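These are the residues of each chain, in order.
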Amino acid sequence: MFLTISTTGAPERPATDLGFLLHKHPEKAQAFSTSYGTAHVLYPEADAERCTAALLLEVDAVALVRRGKGKGRGGAPDAALAQYVNDRPYAASSLLAVALSGVFSSAMRGVCNARPELPAQPRPLRIEVPALPARGGPDLVRRLFEPLGWTVTAEPVALDAEFPEWGDSRYVRLVLEADTLTLAEALRHLYVLLPVLDDAKHYWVASDEVDKLLRAGEGWLPAHPEQKLIAGRYLSRRWSLTRQAMERLELVRLAEADDTDVEEIDNAVAAETEDGAEEKPAPLAVQRREAIVAALRASGAARVLDLGCGQGQLVQELLRDPSFTEIVGVDVSMRALAIASRRLRLDRMGERQAARVQLLQGSLAYTDHRLEGYDAAVLSEVIEHLDLPRLPALEYAVFGAARPRTVLVTTPNVEYNVRWESLPAGHVRHGDHRFEWTREEFRAWARKVAERHGYGVEFVPVGPDDPEVGPPTQMAVFRAGTAKEAKAA
Ligand code: SAH
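Residues numbered from 1 in each chain as written. Predicted model: local features only at pLDDT ≥ 70, side-chain atom pairs only at ≥ 80, totals over all residues. Heavy atoms only, no water.

### So, helix α7 (residues 183-197)
Each full turn of the α-helix corresponds to 3.6 residues, which orients residues three or four apart in the same direction.
Consideration 1: When the terminal C-alpha atoms of α7 are compared, their 21 Å separation across 15 residues agrees well with the 21 Å that a helix rising 1.5 Å per residue should span.
Consideration 2: With 14 of 15 residues buried, α7 is to be regarded as a mostly interior element. (Helix = DSSP H or I, 4+ residues; strand = E, 2+ residues; numbered from the N terminus. Expected span 1.5 Å × (residues − 1). Buried < 20%, exposed > 50% of the residue type's maximum accessible area, 1.4 Å probe, protein only.)

Structural data, given as structure tokens:
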């Protein structure tokens, strides 16, 4: 991921002054090693008329993973984990913002010992970020940068040329141009607004983030019309990090932007920015787990499968309740399982606890005898991650072969998407969602599944049940052998 900063000049104010301002000599390519990879600064062009500095961030995913796994503990790196390094998103602009503040810290503060008069002088600036993750799309990009004096060009980037039906990605090509700003102001705008636009997980680890926001926002944030959104997103991300226990910090660095966190963030933002409520409602992911646990208890289940368990949040929750005597988390992703295992501290668990829990790697698209004979199975936010043509295979593996007495399935209600403050119209909630269903679509699918496999099914809303568009999450509760009662009801 990279950005370029360009300026133009005249003989008496050469463009190469940019080198002084950035404290980086235009004739040298420099590399700075950071904890997450290498930041390169180089100048593709540098003369009196035009000068461009490029900041290129080479994210070292392997180092991130190794560090996440606890450097110095010894032992070989986990080969199974290493092969999943590839699916890490490289374009996290929060990392770019961190690199900016690290590599150009004096420039950001407006300090230039060699030429003290320079930082205060506005100069023509052009900043380009070829692929900027922008949750809220080009429109929000403009609302954020235009009030600060930038002329904004923000073009959406197609998600994947091979899958035009996926539409635009959450990336935009961004070009900012201004004549009236200083370089220090420009850098401070980017430092705050790049992560605000990013919908990926943050890599902030400092506890003084509020101070940082106020410092970087000095002179522009207090008057910004989108101030509430900026602060809301910035601080709720911090909130979502700080509410994690210390031991999870490492995991957070490791974790990719998964559904749970995106939704937790959005929920918090919606709460803060929409009704101005002081108190945050429980994030949707929490409400979902509560609804699932309640339905499991009501079913009397003791031995439970969490199919597509992801990073193990629900397994962790279930372990707290001794009425669940056996809990099995299943996921296709070794990486997710590795994170789940660390979250649960499987290696340090007492014998009795450890006997209650198991994590299995496996795909739900195949019949798996290990999954037979359980009281209940949960598919929480999983079906929408499968391509529709694969869904019948999952249906058979779960309802046909494994056949737990109770099956809980949750999935987003696409009708509710209009209520998410920062979700552009027509977009799904997460890049990996292959589909999102209306209430009617989900019910039609669930009723057919129930009929085909001899289950009864009921529907439970999760989250605020909006009178027009329904709840954000929809849950189906299947019970084996109750088809007749359900039909009679
Ligand atoms: N149940 C968790 C995670 C949902 S994310 C929660 O509610 O928060 C979806 C999970 O399904 C991911 O962890 C993904 O790895 C897993 N998954 C997707 N396809 C799968 C498949 N075919 N077999 C097993 N797991 C799958």
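Read on for the rest.
### Focus: the pattern of salt bridges
Consideration 1: Taken as a whole and judged by the stated rule, the model has 23 salt bridges.
Consideration 2: Here Arg-320 makes a salt bridge to Glu-317, at a shortest N to O gap of 3.3 Å.
Consideration 3: Taking the relative accessible area as the measure of exposure, Glu-317 reaches 31% and is therefore partly exposed.
Consideration 4: Here Arg-452 makes a salt bridge to Glu-395, at a shortest N to O gap of 2.8 Å. (Salt bridge = Lys/Arg side-chain N within 4 Å of Asp/Glu carboxyl O.)

### Re the site of the ligand
Consideration 1: If you check the shell around the ligand, you find 15 residues, and the closest are Gly-308, Gly-310, Asp-331, Leu-364 and Ser-380.
Consideration 2: Within the contact set of the ligand, an oxygen atom lies 2.6 Å away from a side-chain nitrogen or oxygen of Asp-331.
Consideration 3: Computed on the free molecule, the ligand has an accessible area of 570 Å², of which 84% lies beneath the protein chains in the complex.
Consideration 4: Considering only residue class, the shell around the ligand consists of 5 nonpolar, 8 polar and 2 charged. (Near = heavy atom within 4 Å. Polar contact = N/O pair within 3.5 Å; in protein donor to acceptor, adjacent residues only side chain to side chain. Areas by Shrake-Rupley, 256 points an atom, 1.4 Å probe, with all protein chains shown as cover. Nonpolar A, V, L, I, M, F, W, Y, C, P; charged D, E, K, R; others polar.)

### Quick word on the packing of aromatic side chains
Consideration 1: In the structure shown here, the tally under the stated rule is 8 aromatic pairs.
Consideration 2: Look at Phe-399 and Phe-478: their rings are 4.7 Å apart centre to centre, the planes differ by 65°, and that puts the pair in the edge-to-face class. You can see Phe-399 sitting in helix α16 (residues 391-402) and its partner Phe-478 sitting in strand β14 (residues 473-480), a full 79 residues away along the chain.
Consideration 3: A relative accessible area of 0% means that Phe-478 is categorised as buried.
Consideration 4: Judged by centre distance (5.6 Å) and plane angle (40°), the ring pair of Trp-437 and Trp-445 falls under tilted. For the residue pair Trp-437 and Trp-445, the accessibility class agrees, reading buried in each case.
Consideration 5: Residue placement shows Arg-115 over the ring face of Phe-20; its charged tip is 5.2 Å from the ring centre. (Phe/Tyr/Trp six-rings, centres within 6.5 Å; stacked < 30°, edge-to-face > 60°. Lys NZ or Arg CZ within 6 Å of the ring centre and 35° of its normal.)

### Comments concerning the environment of Leu-18
Consideration 1: Following the sequence through the fold, Leu-18 ends up in helix α1 (residues 17-22).
Consideration 2: Given a relative accessible area of 0%, Leu-18 falls into the buried group.
Consideration 3: Distance in space between the C-alpha atoms of Leu-18 and Leu-125 is 10.0 Å, their sequence separation being 107 residues.
Consideration 4: If we ignore the near neighbours within four places in the chain, the residues touching Leu-18 are Ile-5, Thr-7, Tyr-43, Cys-51, Thr-52, Ala-53 and Leu-183. (Contact = heavy atoms within 4.5 Å.)

### Here we look at helix α6 (residues 137-145)
Consideration 1: Regarding α6, the residues found buried are Gly-137, Pro-138, Leu-140, Val-141, Leu-144 and Phe-145. Each buried residue of α6 lies within a common arc of 160° when the element is viewed along its axis, so the set occupies one face. (Arc of directions from axis to C-beta.)

These figures come from the coordinates and say nothing about function on their own.
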